Amino acid sequence: MDSNLSLALIFIAAGFLLMVAELFIPSGGILSVLSATGILVGIAMAFSYDTTTGLWTLVGVGVALPFAIGLAFHYWPKTPIGRKFFLNVNHKAAKTGGP
């Protein structure tokens, strides 16, 4: 494996990690911008290595990204920041009007 391809995969992995970290660390979107930049730079480096490798990397990221976002949003309400973001409603109390 060429060093540029290894670096491309490292950029993509770091982008995914930063994307998940954005949900746990309130950064005002800075980590999101760094995440998107890392993923895009990784894809561009994969294309510079070889067009076929770049296309497969693009497909792989296109498939993995929705799953990663879905998993992150699934676990986000269980984090301290997520608990502050979402309201906890007691559905039984809301229906009966009691405490």
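Just above sits the structure.
Enquirer: I'd like a rundown of the overall build of the chain, residues and numbers included.
Expert: On a plain count of helices and strands, the chain comes out with five helices and zero strands. Going residue by residue from the N terminus, the α and β elements of the chain occur as α-α-α-α-α. In the chain, 56% of the contacts between residues at least 6 apart in sequence involve partners at least 24 apart. Put simply, the chain shows about 6900 Å² of open surface, and 73% of that area lies on carbon and sulfur atoms.

Enquirer: How would you summarise the packing of helix H2 (residues 30-49) against helix H3 (residues 51-75) if you had to cite specific residues and measurements?
Expert: Between H2 and H3, whose axes approach to 5 Å, the crossing angle comes to 155°. Compared by their axis directions, H2 and H3 come out roughly antiparallel. Considering how the two elements wind past one another, H2 and H3 form a crossing that is right-handed. Along its contact with H2, which presents Ile39, Ile43, Ala46, Phe47 and Tyr49, the element H3 presents Thr51, Thr53, Gly54, Leu55, Thr57, Leu58, Val61 and Leu65.

Enquirer: Any chance you could break down the environment of Phe86 for me, citing the residues and the numbers?
Expert: Among the structural elements, Phe86 can be located in the loop between helix H4 (80-85) and helix H5 (91-96). The spacing of Phe86 and Trp76 is ten residues in sequence and 9.7 Å in space, taken between C-alpha atoms. The contact partners of Phe86, leaving out residues within four places of it in the chain, are Trp76 and Pro77.

Enquirer: So what's going on with the side chain of Glu22? Which residues, and what values?
Expert: On the secondary structure map, Glu22 appears in helix H1 (residues 3-24). Relative accessible area serves as the criterion here: at 18%, Glu22 is assigned to the buried category. Reaching out from Glu22, the side chain makes a polar contact with the side chain of Ser27 at a distance of 2.7 Å.

Quick notes on the rules
Residues numbered from 1 in each chain as written. Predicted model: local features only at pLDDT ≥ 70, side-chain atom pairs only at ≥ 80, totals over all residues. Heavy atoms only, no water. Helix = DSSP H or I, 4+ residues; strand = E, 2+ residues; numbered from the N terminus. Contact = heavy atoms within 4.5 Å. Areas by Shrake-Rupley, 256 points an atom, 1.4 Å probe, with all protein chains shown as cover. Axes fitted to C-alpha atoms, helices over the stretch in contact; angles between N-to-C directions. Parallel < 35°, antiparallel > 145°, perpendicular 65-115°, else oblique. Left-handed = near helix turned anticlockwise from the far one by under 90°. Buried < 20%, exposed > 50% of the residue type's maximum accessible area, 1.4 Å probe, protein only. Polar contact = N/O pair within 3.5 Å; in protein donor to acceptor, adjacent residues only side chain to side chain.

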